Amino acid sequence: MNKKFLKFGAIAFVAWYVISRPEGAASLVNSALGGLGNAAESLSQFVSAIP
């Protein structure tokens, strides 16, 4: 039952953040996707370097 409330709270917080600070939310998403891109590039270089 606590998980249900935590999920609802997290969704409500994200919705509030996006509504109150859309520029900040967009920046956060952009940073997160950039980090994932960097991680994917690093993993690709690692796999390419394996003989």
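To start, this report covers the structure provided alongside it. Everything numeric here is computed off the predicted structure, so don't read it as measured data. (Residues numbered from 1 in each chain as written. Predicted model: local features only at pLDDT ≥ 70, side-chain atom pairs only at ≥ 80, totals over all residues. Heavy atoms only, no water.)

### Examining helix α1 (residues 2-20)
Next up, step 1: Taking 1.5 Å of rise per residue, 19 residues should cover 27 Å, and α1 covers 26 Å from first to last C-alpha, within 8% of that figure.
Next up, step 2: Among the 19 residues of α1, zero are classified as buried, and the element is accordingly described as predominantly exposed. (Helix = DSSP H or I, 4+ residues; strand = E, 2+ residues; numbered from the N terminus. Expected span 1.5 Å × (residues − 1). Buried < 20%, exposed > 50% of the residue type's maximum accessible area, 1.4 Å probe, protein only.)

### Section: a nonpolar patch on the surface
Next up, step 1: The grouping of F13, V14, W16 and V18 at the surface amounts to a nonpolar patch, some 430 Å² of accessible area in total.
Next up, step 2: Tracing the sequence through the fold places V18 in helix α1. (Patch = residues over 30% accessible without salt bridge, like charges linked within 9 Å, V, L, I, M, F, W, Y side chains within 5 Å. Areas by Shrake-Rupley, 256 points an atom, 1.4 Å probe, with all protein chains shown as cover. Salt bridge = Lys/Arg side-chain N within 4 Å of Asp/Glu carboxyl O.)

### Observations regarding the packing of aromatic side chains
Next up, step 1: Applying the stated criterion across every chain yields a total of two aromatic pairs.
Next up, step 2: Note on F13 and W16: the rings are 5.8 Å apart at their centroids and 35° apart in plane angle, and the pair reads as tilted. With F13 and W16 both in helix α1 and three residues apart, this pair spans about one turn of that helix.
Next up, step 3: The interplanar angle of 20° and the centroid separation of 6.3 Å between the aromatic rings of F13 and Y17 together place this pair among those described as stacked. With F13 and Y17 both in helix α1 and four residues apart, this pair spans about one turn of that helix.
Next up, step 4: Among the aromatic residues, those joined into a ring-pair cluster are F13, W16 and Y17. (Phe/Tyr/Trp six-rings, centres within 6.5 Å; stacked < 30°, edge-to-face > 60°.)

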